[in-house]
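Summary of the model geometry
So the chains spell out like this:
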Amino acid sequence: MFTNPVIEQIYQHASVRAYTSEPVSPEMVEAIVAAGQRSSTSSNLQMFSVVAVTEADRRAQLAALCGNQKHIAQAPVFLAWCADLSRLERISTWRGYTQVADYVENYTLAVVDAAIAMQTAAIAAESLGLGMCYIGAIRNNPLEVIDLLQLPRLVFPVSGMTLGWPARPHPPRPKLPTRAILHWEQYNTEGEESAWREYDAAMIATGIYQGRQVAAPGQAQSREMVEYGWTEHSARRVAQVHRPGLRAALEQQGFTLK
Ligand SMILES: Cc1cc2nc3c(=O)[nH]c(=O)nc-3n(C[C@H](O)[C@H](O)[C@H](O)COP(=O)(O)O)c2cc1C
């Protein structure tokens, strides 16, 4: 396995959900966001923006809008990473053009730009010893977040990110064996169940699912019980509808997704 100091740092990543009260300086936030800006962006269009929230009241309001996750109120900084087609709208007007922003492609470009930038920023933050956690729950109540952060038309919150100093060690989580996600030349599902089993065992060993048991597929709860692992957890999760109002909120912000 090839490694180097950058890869070693990446392997130490773990989402941090417990922070000390120590602040993060504005200079540090700027350096982290500026590092995110070094990322590639589609056609160098840089279709993303970040709102950095540090005021305790506003963070508490965000926490309430994002499923009452306590680490949002606790972390000294909350970054709202946004897909942003509004800057180019203003630039187009300035230059005497009309931006076409109505297509799924336009939204996809901006979301991919934002996602790549936020992950580069995450690595920069972790290199400074900070902890971070993405907050997809920023999309639980997108219109309220848009109002709170005064996001203009054509700006949409893609993910939040808590930033702060970890209050305790956070061990990295095991990931799927790489053979489960890396396909050489063509997509190939052969033998993938062995990788899933291996990963279930690794995740169960972390203790994360302690106390959970589940009936084997097709069995009544009282019949043969099998261990609850990542495959069960994930299959249950994707069996549910999440954020069905998102499309309507996107349309309201000007992303018509034709
Ligand atoms: C886009 C995105 C949204 C996420 N949203 C949340 C969230 O709202 N709350 C939370 O505690 N963790 C959130 N996470 C963190 C994931 O749960 C976490 O990355 C995953 O469990 C893997 O753990 P790790 O980051 O420690 O490797 C999110 C992660 C991503 C990439």
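Residues numbered from 1 in each chain as written. Predicted model: local features only at pLDDT ≥ 70, side-chain atom pairs only at ≥ 80, totals over all residues. Heavy atoms only, no water.

1. Some details on the packing of helix α2 (residues 26-37) against helix α6 (residues 104-127)
Here is the rule: With axes taken as lines fitted to C-alpha atoms, and helix axes fitted only over the stretch in contact, angles between N-to-C directions fall between 0 and 180 degrees. Here a strand is any run of E in DSSP of at least two residues, a helix any run of H or I of at least four, and the numbering for each starts at the N terminus. Small angles under 35 degrees read as roughly parallel and large ones over 145 as roughly antiparallel, with 65 to 115 read as roughly perpendicular and the rest as oblique. Helix crossings fall into two classes, left-handed where the near helix is turned counterclockwise from the far one by less than a right angle and right-handed where it is turned clockwise. Every residue pair with non-hydrogen atoms within 4.5 Å of one another is taken to be in contact. Under the convention adopted here, Pro, Cys and the residues Ala, Val, Leu, Ile, Met, Phe, Trp and Tyr are nonpolar, Asp, Glu, Lys and Arg are charged, and Gly plus all remaining residues are polar.
Between α2 and α6, the shortest axis-to-axis distance is 7 Å and the interhelical angle comes to 135°. In terms of axis orientation, α2 runs oblique to α6. Between α2 and α6 lies a crossing of right-handed hand. Packed against α2, whose contacting residues are I32, A35 and G36, the element α6 presents A117, T120, A121, A124 and A125 at the interface. Here the contact of α2 with α6 is composed, by residue class, of six nonpolar, two polar and no charged.

2. A short note on the site of the ligand
Keep this limit in mind: In these notes, residues near a molecule or strand are those with any non-hydrogen atom within 4 Å of it. Whenever a nitrogen or oxygen atom comes within 3.5 Å of another N or O atom, the pair is scored as a polar contact, on the condition that within protein one atom can donate a hydrogen and the other can accept it, and that pairs from neighbouring residues in sequence are kept only if both atoms are in side chains.
Around the ligand lies a shell of 13 residues, among which H13, S15, R17, Q69 and K175 are the nearest. In the model, an oxygen atom of the ligand is placed 2.6 Å from a nitrogen or oxygen of the S15 side chain. Between an oxygen atom of the ligand and a side-chain N or O atom of R173, the distance comes to 2.7 Å. Broken down by element, the shell around the ligand gets its largest block of residues, three residues, from strand β3 (residues 131-135). Per-class residue counts for the shell around the ligand are five nonpolar, five polar and three charged.

3. Quick word on the domain arrangement of the protein
What counts is decided by this rule: Throughout, the edges of the domains are those of an automatic or database domain assignment.
Domain boundaries in the protein define domain 1 (5-171) and domain 2 (178-238). Placing a centre on the C-alpha atoms of domain 1 and another on those of domain 2 gives a separation of 31 Å.

4. Some words on the nonpolar core
Note the threshold: Nine residue types can take part in a nonpolar core, namely buried Ala, Val, Leu, Ile, Met, Phe, Trp, Tyr and Cys, and a core is a set of them joined through side-chain atoms within 4.5 Å. Partly exposed describes any residue whose relative accessible area lies between the buried limit of under 20% and the exposed limit of over 50%, with all areas from a 1.4 Å probe on protein chains only and scaled to the type maximum.
Residues F78, L79, W81, M161 and L163 are the most contacted members of the largest nonpolar core, which totals 56 residues. Ranked by the residues each element gives to this core, the list is headed by α6, at eight residues. Excluding residues within four positions of it along the chain, W81 makes contact with F48, S49, V50, A114, A117, M118, A121, F156, P157, V158, S159 and M161.

5. A closer look at the side chain of S49
Tracing the sequence through the fold places S49 in strand β1 (residues 48-53). For S49, a relative accessible area of 19% corresponds to the buried category. Polar contacts involving the side chain of S49 include one to the side chain of D84, which spans 2.6 Å. Within the local environment of S49, its side chain forms a polar contact with the side chain of R87, the two groups lying 3.0 Å apart. Among residues more than four places away in sequence, those in contact with S49 are A80, W81, C82, D84 and R87.

6. Overview of the layout of surface pockets
Convention followed: Using protein atoms alone on a 1 Å grid, points that fit a 1.4 Å probe yet trap it form a cavity, whereas open point sets bounded by protein on both sides within 12 Å along at least five of seven lines form a pocket; residues with an atom within 4 Å of a point count as lining. Grid points are joined across faces, edges and corners, and a volume is the space filled by probe spheres set on the points.
Put simply, the largest pocket is a space of about 1100 Å³. What lines the largest pocket is a set of 31 residues, and nearest its centre among them are S15, R17, R173, K175 and I208. Elements represented by at least two residues in the lining of the largest pocket include exactly β3, α8 (192-205) and α9 (230-238). For the lining of the largest pocket, the element with the most residues is α9, which contributes five residues. Among the residues forming the lining of the largest pocket, the class breakdown is 14 nonpolar, nine polar and eight charged. Taken together, domain 1 (5-171) and domain 2 (178-238) each give at least three residues to the lining of the largest pocket, which thus spans both. Here the second largest pocket is characterised by a volume of approximately 350 Å³.

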